[in-house]
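Here are the chains, one letter per residue:
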Amino acid sequence: MSQEIFGPVYKEIFPFWNEIPKGDRDYICDNSRSFLYPGGKKIHDGDECSGVIFVRSGSLRVYMMSEEGRDITLYRLYRGDMCMLSASCVLQAITFDVLIDAEEDSECYVISGPAFGSVLERNPNIKIFALETAVSRFSDVMWVMQQILFMSMDRRLAIFLSDELARTGMDKVTLTHGQIARYMGSAREVVSRMLKYFAKEGIVEVSRQGIKILDKQRLRELAL
């Protein structure tokens, strides 16, 4: 039954799927579970090997937390995305802890870390895939750090709003100021003040319904 549920999906997302023995394919499927996480649910607390997470629907937030309780969003995961950083027992090179929350009601497939790791050790193609997936996420993390350390707040906000428009295909961002601040690793007051400046410049219109982009060209210029 597990092969019927997970097999067709894994065949689509794993380039190595048809190249590994059927026994290993069955083993991965038998050690996979489907979970429905409600919005706001913490699904990985950094202290355990939760496994390889694949998002079927909804969205997840991957972040780090300081000892003082301040968190920095590293990246967000959407339908079709995969997270290897939640499987520290698979890639020993992962030496830092991340936390993962469901931003909204989300369905995920989770492959047991030890099971995936044992198959990985027998199949070099899987190890290459896992490393490439992790490296691509490290690139996302470095981009976040570059913004926080070296970019002005107006440019960071312009980049964030531009990325949201590209992701949703809409001309409005329906996130709250607090959510934007959390994703950007800033304070809500700072985001609100910068949005007020953008509104004064005629770039956006801020209302209870969200942030409508009025001047996309100006926003793109600020993001450069």
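As shown above, the structure is provided for reference.
Residues numbered from 1 in each chain as written. Predicted model: local features only at pLDDT ≥ 70, side-chain atom pairs only at ≥ 80, totals over all residues. Heavy atoms only, no water.

> Quick question: what am I supposed to make of the overall build of the protein here?
Each helix and strand in the protein was counted, giving eight helices and eleven strands. Across its three principal directions, the C-alpha atoms of the protein cover 60 × 35 × 30 Å. Burial status across the protein gives 45% buried among its 224 residues. Taking contacts inside the protein between residues at least 6 apart in sequence as the whole, the part at least 24 apart equals 68%. When the accessible surface of the protein is totalled, it reaches about 11800 Å², and 51% of it is carbon and sulfur. Of the charged side chains in the protein, 28 are positive and 31 negative, and the gap between their average positions amounts to 6 Å. (Helix = DSSP H or I, 4+ residues; strand = E, 2+ residues; numbered from the N terminus. Buried < 20%, exposed > 50% of the residue type's maximum accessible area, 1.4 Å probe, protein only. Contact = heavy atoms within 4.5 Å. Areas by Shrake-Rupley, 256 points an atom, 1.4 Å probe, with all protein chains shown as cover. Lys, Arg positive; Asp, Glu negative; His and termini not counted. Charge placed at Lys NZ, Arg CZ, Asp CG, Glu CD.)

> Whenever I open this one, the environment of Leu74 confuses me. Can you help?
Of note, Leu74 is situated in strand S5 (residues 71–78). Considering only alpha carbons, one finds Leu74 and Met145, 71 residues apart in sequence, at a separation of 8.5 Å. In contact with Leu74, not counting residues within four places along its chain, are Val62, Tyr63, Met64, Val98, Asp140, Val141, Val144 and Met145.

> It is not clear to me how the sheet that holds strand S7 (residues 99–102) should be interpreted in this structure. Could you clarify?
One key point about sheets: their strands pair by backbone hydrogen bonds, in either a parallel or an antiparallel sense. If you trace the four strands from one edge of the open sheet to the other, you get S2-S7-S4-S5, paired in antiparallel fashion. The open sheet is flanked by strand S2 (42–44) and S5, the only strands paired with a single partner. Mean inter-strand twist for the sheet, computed between neighbouring axes without regard to direction, equals 30°. Here strand S4 (residues 59–65) pairs with S7 via four bridges, running antiparallel. Pairing of Val62 across the sheet is with Ile100, part of S7. Sheet contacts for helix H6 (residues 177–184): S4 and S5; angle to S5, the most-contacted strand, approximately 100°. (Pairing = 2+ DSSP bridges. Axes fitted to C-alpha atoms, helices over the stretch in contact; angles between N-to-C directions.)

> Even after reading the chapter, I still don't get helix H2 (residues 22–30), so can you show me in this structure?
Since one α-helical turn is 3.6 residues long, residues separated by three or four positions face the same way. The complete set of buried residues in H2 reads Asp24, Arg25, Ile28 and Cys29. Viewed end-on, H2 has its buried residues packed into an arc of 135°, placing them on one side of the element. Here the buried face of H2 lies against helix H1 (2–13), strand S1 (32–37), strand S8 (106–111) and helix H3 (113–122). (Arc of directions from axis to C-beta.)

> Teacher, can you tell me more about the nonpolar core here?
For soluble globular proteins, nonpolar side chains are generally found buried alongside one another. Counting 25 residues, the largest nonpolar core has Leu157, Leu161, Ile180, Phe198 and Leu219 as the members making the most contacts within it. Those elements that place two or more of their residues in this core are helix H5 (153–168), H6, helix H7 (188–200), strand S11 (210–213) and helix H8 (216–223). In this view, Ile180 contacts Leu157, Phe160, Leu175, Val191 and Ile211; residues no more than four positions away in its chain are not counted. By size, the runner-up hydrophobic cluster in this structure holds 23 residues, among which are Tyr10, Met84, Tyr109 and Val119. (Core = buried A, V, L, I, M, F, W, Y, C linked by side-chain atoms within 4.5 Å.)

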